[in-house]
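# An overview of the molecular structure
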Amino acid sequence: MQAPQRAARRVMRFGVFEVDLHARELRKRGIKIGLQQQPLRVLALLLEHAGEVVTREDLRQAIWPAGTFVEFDVGLDAAIHKLRAALDDSAESPRFVETLPRRGYRFIAAVDGVAQPLEESPPKRKVLVWAGGLAVAAALLLALDHGGLHDRLRGRPPSATPPSIAVLPLTNLGTDASDAALADGMTEELIGILAKLGQVRVIASTSVFGFKGRPIDVRRIADSLRVSHILEGGFQRVGSRLRLQVRLVDARDGSTRWSATYDREMKDVFETQDELAGAVARELEVRLEGRTGSNLLRHRTRNIEAYELYLRGHDLTLHFTDSGLRAGLEYFNQAIALDSTFAAAYAGAARGYALLGWSGNPGFSLGELRTRAEAAVRKALALDDSLAEAHAALGVILMLWRGDPTSAEAEARRALALNPAEPRVHEQLAHIALLTGRPTDVLAEARLGLEADPLSPTAITMVARALYRNGRCDEALAQLQPVAGLRPPVRWAVLTAGLCFAEQRRWPEAIAALRQGGETGGVHGRTMLAFVLAQSGQRQEARQILAELLARQQRSGNLASDVAIVHAGLGDFDGAFTWLNRAADEGPALATTPLLEEIMGPAFRDLRRDPRFERVRKRLGLSR
């Protein structure tokens, strides 16, 4: 492992910690924490290679004397344990030191500066070199510090950087459990209103809802989400009235910057949200430029019951499961029945119908799905052309059902301009880049989505998929670690892990992951399991799954692409191209399976080398 060829620094900062390499001290918010020299030297080496894998052998050679293999194993485990205790870190949910089983460790937090190994007493001339390097590094950090970290570490408010905020889920302070959905909805609306100000970095809802029901540690949450402010509070409904108690917290020291209590009629809930957002904006010294009251957010519905139904549908469709999409559509349609002018409910229904085409058992013909999706999105846009969700849904339809990636991307970018805090639009743009063969753009969009929603399992998984598509399987598998233990598993997380393991010829791990993916991902998960079984030589079981797919295809159709994928795994390219052409014959081929885009990935390189691929690629609407 080569040392970085960069100017060195002696004081390293990450989160609320700093390491003084000259004084050999670890400090937390300026207070020294007792840490023995061996754990400290391990930390220094991890910081020196932050973001990289440091193997156990690297650590042994750098820190432990030769010939101490037994003592080394015990000593390293003890050093890592002590280091994690000092950093208030854990192996199960690491914030700083990540374990890579059987390989080593990686420092995963952002580091302010460049580390170097501890030395006994550096020569005085080298100190002068370090001093010059510190000056250059400080100038670079000031120029590149987009998030105000440099100022926050020194106890000063950011001067030129925009404020950032996380709106924590409002607590339901009442006794009626059904009010929890309305409290969550108000949280979502506040996030949307603040995002529309355009001058505030606002964390998306998926990440903040991960803290729901947990004790609030403002500084720890702020560190996790990389924000300068936290908005938190509670909601209570009593009869026809609502009471909303909120406070804005400065994440640097946990102090309350502003607080308020709103006691209003329930029918005024939307005006109350606008008023609250305006007050927060003023405290953050953001100019509203006339965008006050109803100008901040065009109200979605006056029917509170329809609103709650919409929120339930919205939550269910976020998970992309077949059952979730169908249940979400029921809620959207119930909301529309209560308020036929509810544009957001039509947009949610349009997106649900469009994505249901990816289901192995959608319950509708492809033609009916397309008709329903297009009718719903037309209605949403007619009611509110400024609704980001409607433009995003139109983008999905244009990509999957019309095969028009240029227009689809334009609609997605329009949605993002209307609501910058919508990370799922970045994921949508990443999908468009996947389908059009632009792996670099996939990674760029996926990372933007993760920046807006840093704890979202889908955003984390999208970055992993992008890394896999760029041939970076080690990084993809490391990226998936935070979601590896979720139950139920994230469909694309286990599928991506399986493909990465297969790419590395780690067949037992690939098959184990894809068996899990088959349970989570339904028929398409079974398809990828069959593909990898065939690739690994377990052709009998692969053919059994192929027989299942053929039987389902005969009963209900919609699985031509899946059948083609298994044929490709078996090396039967004649069969694969026959079924890919049949998928194109069925109509909107991109809508038939979410696996179709994987044909552009590493696992199908042999199929793409066949001269017939170019013709079928065009028929399927896939770009290079």
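Every value quoted in this text rests on a predicted model; they were computed, and no experiment measured them.

### Observations regarding the overall build of the chain
A tally of regular secondary structure across the chain gives 26 helices and 13 strands. Every one of the 624 residues in the chain was classed for burial, and the buried ones make up 54%. Summarising the internal contacts of the chain: among those between residues at least 6 apart in sequence, 60% fall at separations of at least 24. Surface accessibility of the chain: about 27000 Å² in total, with carbon and sulfur atoms responsible for 51%.

### Examining the environment of Glu409
Tracing the chain through its elements places Glu409 in helix α15 (residues 405-418). Considered as a pair, Glu409 and Leu398 are 11 residues apart in the sequence and their alpha carbons are 8.9 Å apart. What Glu409 contacts, discounting residues up to four positions off in sequence, is Leu429, Ile432 and Arg438. A polar side-chain atom of Glu409 sits 3.1 Å from a polar atom in the side chain of Arg438.

### Observations regarding the pattern of salt bridges
Proximity of charged atoms lets side chains of opposite charge pair with each other. All chains considered together, the criterion is met by 31 salt bridges. Among the ionic pairs, Glu598 bridges to Arg465, the shortest N-O distance being 3.0 Å. Taken together, the positions of Glu598 in the loop between α24 (573-585) and α25 (605-609) and Arg465 in helix α18 (residues 457-469) put the pair 133 residues apart, joining distant regions of the chain. The same class applies to Glu598 and to Arg465, which are both buried.

### Re the pairing of strand β1 (residues 11-14)
Side chains Val11 and Arg13 project from β1 onto one buried face, and the interleaved Met12 and Phe14 project onto a second face that is buried too. Two elements, β1 and strand β2 (residues 17-20), share 4 bridges in a ladder whose sense is antiparallel. Among the inter-strand pairings, Arg13 is bridged to a residue of β2, identified as Glu18. Between β1 and β2, which pair antiparallel in sequence order, lie 2 residues; one of them, Gly15, sits at a positive phi of approximately 60°.

### Some words on the sheet that holds strand β4 (residues 31-33)
One open sheet accounts for 4 strands, arranged β1-β2-β3-β4; its pairing is antiparallel. Each having just a single partner strand, β1 and β4 make up the two edges of the open sheet. Pairs of neighbouring strands in the sheet enclose a mean axial angle of 30°, with direction left out of account. Across 3 bridges, the pairing between strand β3 (residues 25-28) and β4 is antiparallel. Its bridge partner lying in β4, Arg27 is registered against Lys32.

### A closer look at the sheet that holds strand β5 (residues 54-55)
Read from one edge to the other, the open sheet built from 3 strands follows the order β5-β7-β6, with strand pairing classed as antiparallel. Taken across any chain shown, the strands that pair with only one partner, and hence form the sheet edges, are β5 and β6 (97-100). Here helix α1 (residues 37-48) sits on the sheet and contacts β5, β6 and β7 (104-107); the angle it forms with β7, its principal contact strand, is near 65°.

### Describing the environment of His314
Here His314 is to be found in helix α10 (residues 304-317). Linking His314 and Leu329, residues 15 residues apart in sequence, is a C-alpha distance of 9.0 Å. Not counting chain neighbours up to four residues away, the residues in contact with His314 comprise Glu188, Phe332 and Arg424.

### Examining the packing of aromatic side chains
On inspection of all chains with the given rule, the structure shows 8 aromatic pairs. An aromatic cluster of at least three residues, connected via ring pairs, comprises Phe14, Phe17, Phe96 and Phe107. Sitting over the face of the ring of Trp492, Arg465 holds its NZ or CZ atom 3.8 Å from the ring centroid. Lying over the aromatic face of Trp579, Arg582 brings its terminal NZ or CZ to 4.0 Å of the ring centre.

### Some thoughts on the confidence of the model for the chain
Averaged over all residues, the pLDDT of the chain equals 78, while 81% of them reach at least 70. For the stretch residues 1-9, pLDDT sits under 50, and the model shows 26 contacts to residues farther than four places along the chain or on other chains. Counting interchain partners and residues more than four positions distant, the pLDDT-below-50 stretch residues 289-298 has 20 contacts.

### Observations regarding helix α16 (residues 423-435)
Between its terminal C-alpha atoms α16 stretches 19 Å, which fits the 18 Å expected from 13 residues at 1.5 Å a residue. The element α16 is largely enclosed, with a buried count of 12 among its 13 residues. For α16, the full list of buried residues reads Pro423, Arg424, Val425, His426, Glu427, Gln428, Leu429, Ala430, Ile432, Ala433, Leu434 and Leu435. Positive phi shows up at Gly437, right after α16, with a value of about 70°.

Reading the values: the criteria
Residues numbered from 1 in each chain as written. Predicted model: local features only at pLDDT ≥ 70, side-chain atom pairs only at ≥ 80, totals over all residues. Heavy atoms only, no water. Helix = DSSP H or I, 4+ residues; strand = E, 2+ residues; numbered from the N terminus. Buried < 20%, exposed > 50% of the residue type's maximum accessible area, 1.4 Å probe, protein only. Contact = heavy atoms within 4.5 Å. Areas by Shrake-Rupley, 256 points an atom, 1.4 Å probe, with all protein chains shown as cover. Polar contact = N/O pair within 3.5 Å; in protein donor to acceptor, adjacent residues only side chain to side chain. Salt bridge = Lys/Arg side-chain N within 4 Å of Asp/Glu carboxyl O. Pairing = 2+ DSSP bridges. Axes fitted to C-alpha atoms, helices over the stretch in contact; angles between N-to-C directions. Phe/Tyr/Trp six-rings, centres within 6.5 Å; stacked < 30°, edge-to-face > 60°. Lys NZ or Arg CZ within 6 Å of the ring centre and 35° of its normal. pLDDT = per-residue confidence, 0-100. Expected span 1.5 Å × (residues − 1).

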